[in-house]
Amino acid sequence: MTVAKSGTYYHQRKALHDVTRDMAAVAMGFLPADLIIKNGKLINVNTSQIQPGIDIAIKHGFIALVGNADHVLADENTKIVDANGRYLAPGFIDSHMHIESTMVDIRSFAAGILPHGTTTICPDNHEITNVFGLKAVELFHKAAEGLPLKVFLAMPVCVPSIPGFEDAGATITAEEVAKAYEEGWAQLQGEQMNFPGVIYGDPNTHAITAASLKAGIILTGHYASLELNKGLNAFIASGMNACHESTTAEATLKRAQLGMYPQQRYGTAWLDMPNTIKAITENPGIDTRFFSMVTDDVTPATVAYEGHLVRVVREAIRQGVNPITAIQMVTINTAQLLEKARYIGTISPGRAADILILSDLVNVTIDEVYADGVLVSKDGKMVVELPRYDYPEWALKSVHLKKLTEKDFAIPASGKETVRVMRVYPGMVHTTEEFTEMTPVNGGLQSDPSKDIAKIAIFYRHQEKEGLTGTKGLGFMTGATLKPNTAFASTVSHDCHNLMVLGTDDKAMAVAGNALIEAGGGFAVVVDGQIEAIMPLPLAGLMSLEPVAVAAKQVRAVEDAIKKAGCPADSVEMTLSLLGLIVLEELHLSNKGLVELKPGQPPKFVDLVVNK
């Protein structure tokens, strides 16, 4: 353990190749261990067994011995912990998640999830990379240094998500991807959301794929289509080995059958796992080695009040999965997915000493968390303080928009028109395309809360750049049941994170949008024409610099305000944040206009007003 001058904790790791002689000496009883955990019930994820009476000896952050440690030496520096018959499990591994979705930075996030047993994460930081480009990847890498949480950064490869259909704050090409691997900033490829580019042979998309394959790292995917034959095979054949976008048991099983790891998602709003887990529960005796579980997107409220991956494990057990199998899906299976099973994922000799002590297996009650053999959490509380990171000024000033007026939301029309409308489904990631007739009011098409029709706008909010062809897109949506004179604005608008404003009144929309322009990004809710709640997110317009507990209270205030505005769904801000995610079916909005993506078809722009 290293303590910084401020009294905070700075974590340092050793490499196994530097300490192999010491590891052997501890196991043989020739050298004192740093830590001995005695008398535990080992959850052996290697063999799917529970072994009672197991001791663990640890040296230099690695496991030296699993079994009987009576012969292992101890001196005045050796810490001895009596597990007293409690369960010993490997630390949990999340192979796909976005820290930005928790609305806090990586250091606050680490302090928030370590008490819940997550000791390794693979953050795909394509949210902040859409804002700042490759320098965001380097920034994340630096901000993660000295954390007891293991961070394998997933290099974003879809910035923007579909080139030509939207404008992000930056563009990532194969050259940037290759540089991130060469510099050691990223250790795997992030989700390839441009699955149409993969399966229809876009050369730039395949150049990025080639850069990742040449670097010898694993490639994660995002196949958001219900077509499970030619398209899915083409996607996997191009090198993708994991995907979190399956929403049914059939799609999950099909991925596993084709040798792809399904990353079953159970986040705050995307609650797919109870459906996907039926691939296991309805197929007794199936080999589950390819099945994993992830959080993808969780709010700080979820982390603070329900937990992180441990919440997913508990739900899998409630769905009828054997507790050991559920733990395997966030430990050894995930380590094998990442091709890092020689380092993490099991309590075995030579592996990192990421160990959880559990007093209840069925309810997954975590008493103590060890990261590299260091106690970092006890009884749900951090026992070490992690230092804050000093972010550069450019990372804290990312909203570059002039003040909005009602005119910015105008959709001129002279007669009755048939228009396309996006229908949202709270808790689901997709939309459907609908059509409705609208009669102009005061020379323009307006929201109609009596019919649950709200207006939506997406404004380009990044630095000015050459080649910018669209500053705003306008459309209509339904499914949020917003009341009259209400609005919701957000700079958390996947994945380009332009300023999204939706509402039932143009003036209220301008009020909400201007509140975020002034705050430097975040969430704002307007009720009865007045700001009801605002959550500033100064880091890239995506993240707070507050601890998880503080951010949790702030996001709860935003969610309460949205309910007051008329939408009763829980965590609906996450659903609304996907209205600009054009790689999802069926109709979405970018700063360039409406984008239609139908099953088995490439994306295309469509007009708001349907030609008669």
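Residues numbered from 1 in each chain as written. Predicted model: local features only at pLDDT ≥ 70, side-chain atom pairs only at ≥ 80, totals over all residues. Heavy atoms only, no water.

So, about the side chain of E585. Along the polypeptide, E585 turns up in the loop between helix 18 (572-576) and strand 29 (587-590). K598 is the oppositely charged side chain nearest to the buried, salt-bridge-free E585, at an N-O distance of 9.6 Å. Among residues more than four places away in sequence, those in contact with E585 are A224, S225, L226, H430, T431, L597, K598 and P599. (Helix = DSSP H or I, 4+ residues; strand = E, 2+ residues; numbered from the N terminus. Buried < 20%, exposed > 50% of the residue type's maximum accessible area, 1.4 Å probe, protein only. Lys, Arg positive; Asp, Glu negative; His and termini not counted. Salt bridge = Lys/Arg side-chain N within 4 Å of Asp/Glu carboxyl O. Contact = heavy atoms within 4.5 Å.)

Taken across its 10 residues, helix 13 (residues 309-318) has 8 buried, putting it largely inside the fold. Inspection of helix 13 places L309, V310, R311, V312, V313, E315, A316 and I317 among the buried residues, and these make up the whole buried set. Note on helix 13: the residue one or two positions beyond its end, G320, has a positive phi of about 105°.

Turning to the nonpolar core, a few remarks are in order. In this structure, F92, M155, V313, F476, M477, F488 and L579 are the most contacted members of the largest nonpolar core, which totals 191 residues. Two domains each put at least three residues into this core: domain 1 (91-345) and domain 2 (395-605). Here M155 is in contact with L134, V137, I172, E176, V177, A180, Y181, A186, L188, Q189 and G190, once residues within four sequence places are set aside. (Core = buried A, V, L, I, M, F, W, Y, C linked by side-chain atoms within 4.5 Å. Domains from an automatic or database assignment.)

This brings us to the sheet that holds strand 8 (residues 92-97). Ordered by their spatial adjacency, 3 strands build an open sheet running 8-9-10, and the pairing between neighbours is parallel. Taken across any chain shown, the strands that pair with only one partner, and hence form the sheet edges, are strand 8 and strand 10 (150-151). Bridge count for strand 9 (residues 118-123) against strand 10 is 2 bridges, and the pairing is parallel. Counterpart to I121 in the pairing with strand 10 is V151. On top of the sheet, helix 13 reaches strand 8 and strand 9; it is set at about 100° to strand 8, its chief contact. (Pairing = 2+ DSSP bridges. Axes fitted to C-alpha atoms, helices over the stretch in contact; angles between N-to-C directions.)

Take the sheet that holds strand 26 (residues 499-503) next. Across the sheet, 8 strands lie side by side as 22-21-24-23-26-25-27-28; this open sheet has mixed pairing. Sheet topology places strand 22 (431-438) and strand 28 (530-536) at the edges, where each strand pairs with a single neighbour. Going from strand to strand, the sheet's axes swing by 25° on average, the running direction of each strand aside. When strand 21 (residues 417-424) meets strand 22, the two strands line up antiparallel, connected through 8 bridges. In the sheet register, M422 faces strand 22, and the bridge partner there is E433. Contacts from helix 16 (residues 506-519) reach strand 23 (454-459), strand 25 (487-490), strand 26, strand 27 (522-527) and strand 28, with the element oriented near 150° to strand 27.

This part takes up the domain arrangement of the chain. How big an interface is tends to be stated in terms of the accessible area lost upon association of its parts. According to the domain assignment, the chain consists of domain 1 (91-345) and domain 2 (395-605). Contact residues are listed per partner, giving 49 residues for domain 1 and 57 residues for domain 2. In total, domain 1 and domain 2 occlude about 4100 Å² of area from one another, counting both sides; carbon and sulfur atoms represent 68% of this. On the domain 1 side of the interface with domain 2, the three residues burying the most area are M103, F165 and D167, jointly 20% of the side's total. In this assembly, domain 1 and domain 2 are joined by 0 salt bridges. Here domain 1 and domain 2 share 12 residue pairs in polar contact (both at pLDDT 80 or more) between them. For the side of domain 1 that touches domain 2, the secondary structure elements donating two or more residues are helix 2 (106-113), helix 3 (126-132), helix 4 (134-143), helix 6 (195-199) and helix 12 (300-305). Broken down by element, the residue count for the side of domain 1 that touches domain 2 peaks at 6 residues, all from helix 3. Split into classes, the residues belonging to the side of domain 1 that touches domain 2 amount to 29 nonpolar, 12 polar and 8 charged. (Buried area = accessible area lost by both parts, 1.4 Å probe. Polar contact = N/O pair within 3.5 Å; in protein donor to acceptor, adjacent residues only side chain to side chain. Nonpolar A, V, L, I, M, F, W, Y, C, P; charged D, E, K, R; others polar.)

Attention now goes to the environment of S246. Within the element layout of this structure, S246 appears in the loop between strand 14 (240-243) and helix 9 (249-257). Distance in space between the C-alpha atoms of S246 and G345 is 24 Å, their sequence separation being 99 residues.

This brings us to unusual backbone geometry. A cis amide bond links H494 to the next residue, D495, at an omega of -5°. Within the secondary structure, D495 is located in the loop between strand 25 and strand 26. Between E585 and the following residue, E586, the backbone shows a cis peptide bond with an omega angle of 25°. Mapped onto the fold, E586 is located in the loop between helix 18 and strand 29. Non-glycine residue D296 carries a positive phi angle of around 60°.

Turning our eyes to something else, we now look at the packing of helix 5 (residues 174-182) against helix 7 (residues 203-214). Put simply, helix 5 and helix 7 touch, their axes get as near as 8 Å, and they point 15° apart. Judged on the interaxial angle alone, helix 7 and helix 5 are roughly parallel. You can see that helix 5 and helix 7 cross each other, and the crossing is right-handed. Where helix 5 abuts helix 7, its residues A174, V177, A178 and Y181 lie against A207, I208, A211 and S212. Looking at the contact of helix 5 with helix 7, its residues break down into 7 nonpolar, 1 polar and no charged. (Parallel < 35°, antiparallel > 145°, perpendicular 65-115°, else oblique. Left-handed = near helix turned anticlockwise from the far one by under 90°.)

Tracing the chain through its elements places R311 in helix 13. Under the relative-accessibility criterion, R311 is labelled buried at 8%. Within the structure, R311 has its side chain in polar contact with the backbone oxygen of Y266 (distance 3.4 Å).

Per the counting criterion, the structure on display carries 8 aromatic pairs. Judged by centre distance (5.3 Å) and plane angle (65°), the ring pair of F195 and Y223 falls under edge-to-face. Of this pair, F195 sits in helix 6 while Y223 is found in the loop between strand 13 (219-221) and helix 8 (230-237), placing the two residues 28 residues apart along the sequence. On the basis of relative accessible area, F195 is assigned to the buried category, the value being 5%. Measuring from centroid to centroid gives 4.5 Å for Y261 and F290, while their planes differ by 35°, and the two rings are tilted. A residue pair is termed long-range when its members are at least 10 positions apart, and Y261 in strand 15 (residues 261-265) and F290 in the loop between helix 11 (278-281) and strand 16 (292-294) qualify at 29 residues. On the accessibility criterion, F290 (25% relative accessible area) is partly exposed. Linked through ring pairs, F195, Y223 and F235 together constitute an aromatic cluster. Lying over the aromatic face of W394, K135 brings its terminal NZ or CZ to 4.2 Å of the ring centre. (Phe/Tyr/Trp six-rings, centres within 6.5 Å; stacked < 30°, edge-to-face > 60°. Lys NZ or Arg CZ within 6 Å of the ring centre and 35° of its normal.)

One pass over the full model with this rule turns up 26 salt bridges. For D34, the salt bridge identified is with K59, shortest N-O distance 3.2 Å. Here D34 is found in the loop between helix 1 (20-28) and strand 3 (35-44), whereas its partner K59 is found in strand 4 (residues 49-59), with 25 residues between them in sequence. A relative accessible area of 12% means that K59 is categorised as buried. Among the ionic pairs, K455 bridges to D506, the shortest N-O distance being 3.2 Å. Here D506 lies in helix 16 and K455 lies in strand 23, a separation of 51 residues in the sequence. Across the pair, D506 and K455 agree in class, each one buried. Here the residues in one salt-bridge network are R420, E433, E596, K598 and K604, joined through shared partners.

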